[in-house]
Amino acid sequence: MTWLTAVARLRARRESGVLVTVATVRGHAPRDAGAKLVVGQTETWGSIGGGNVEAVAIDRAREMIAASKPEPEMIDFALNDKVTNQHGVQCCGGTVSVLLEPLPVLRAVAIFGVGHIGLELARILARQDLDLHLIDTRSDILAEKRLRVLADAVAQVHVHHTPLLPEEVLAELPRGTHILIMTHDHAEDAALCDAALRTTHLGFIGLIGSAAKWVRFRKRLATEGGHDEATIDRIKTPIGLADITGKEPATIAVSVAADVLRSFELGGN
């Protein structure tokens, strides 16, 4: 398996890892500069030459995975019999520098409702390196021609057409997914709010709409849904930055996207 395939596999599994690269070589060494090794929590793919260099790199990579360390590191090795090594002697005679680059689990965002605002929001978030889920009950809204504007997306875009119960998608979403509720139907929004509060593995829950809409929803979530105040407060509404007040779909989308990205900077998944 190539290192690119291994990285893609970790990404698809939503598992963190570390990409290990032989950055520089002076003198003799088991592998040339550019050799790569991918380290996962329990597996490795590829090789940077075996022996102490590879074993130490794997140990350190697993420590980085456990600590969720985002910064890359460089480790230098002298390959001679005068050096005390953790995993045996390598006396090729050269020196090697190894770069360890963390491969974090991608953040995930789900947009429920891909109407005018939802599509504009998808266009913005699609420029980020994340998993982007688009969910709608209307097949025409998710038509390939309409979503062609996302063809050059950096994000991995996943489209879910759910004609009856869009809330069923919640259970399928990756752990920590941020939920943005903005469908064309207030009843659908209300059902999604209730279901999202009952789904424990989700991240941020945002609802688009007015203060009057939220008063009705909050009362319904408490009386019919049986949710307590602390649980209901998991929903942020209105989503977006308060000082961006424009009502054009693209303006609202910019505001919401900025709010989501700010939550990432403040430590959200």
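The preceding data block contains the structure.
Please read these numbers as outputs of a predicted model, since none were measured by experiment. (Residues numbered from 1 in each chain as written. Predicted model: local features only at pLDDT ≥ 70, side-chain atom pairs only at ≥ 80, totals over all residues. Heavy atoms only, no water.)

**Student:** What's the story with the packing of helix α4 (residues 186-197) against helix α5 (residues 211-223) in this structure? I'm lost.
**Tutor:** Where α4 meets α5, the axes come as close as 11 Å, and the angle between the chain directions of the two elements is 50 degrees. Put simply, α4 runs oblique to α5. Relative to α5, the crossing made by α4 is right-handed. Packed against α4, whose contacting residues are His186, Asp189, Ala190, Cys193, Asp194 and Leu197, the element α5 presents Lys213, Arg216, Phe217, Arg220 and Leu221 at the interface. (Axes fitted to C-alpha atoms, helices over the stretch in contact; angles between N-to-C directions. Helix = DSSP H or I, 4+ residues; strand = E, 2+ residues; numbered from the N terminus. Parallel < 35°, antiparallel > 145°, perpendicular 65-115°, else oblique. Left-handed = near helix turned anticlockwise from the far one by under 90°. Contact = heavy atoms within 4.5 Å.)

**Student:** Explain the pairing of strand β7 (residues 131-136) to me, please; I cannot follow it from the model alone.
**Tutor:** Burial within β7 is extensive, with six of its six residues counted as buried. Taking every second residue as pointing to the same face, both faces of β7 are buried, with Asp131, His133 and Ile135 on one and Leu132, Leu134 and Asp136 on the other. Pairing of strand β6 (residues 108-112) with β7 involves five bridges; the strand directions are parallel. The partner of Phe112 across the bridge, within β7, is Ile135. Running through helix α3 (residues 116-125), the crossover from β6 to the neighbouring parallel element β7 is right-handed. Examined bridge by bridge, β7 and strand β8 (residues 156-161) share six bridges and lie parallel to one another. Residue Asp136 lies in a different strand from β8, and its bridge partner there is His161. (Buried < 20%, exposed > 50% of the residue type's maximum accessible area, 1.4 Å probe, protein only. Pairing = 2+ DSSP bridges. Right-handed = clockwise from strand over helix to strand, strands pointing away.)

In short, shape yes, function no, at least from these values alone.
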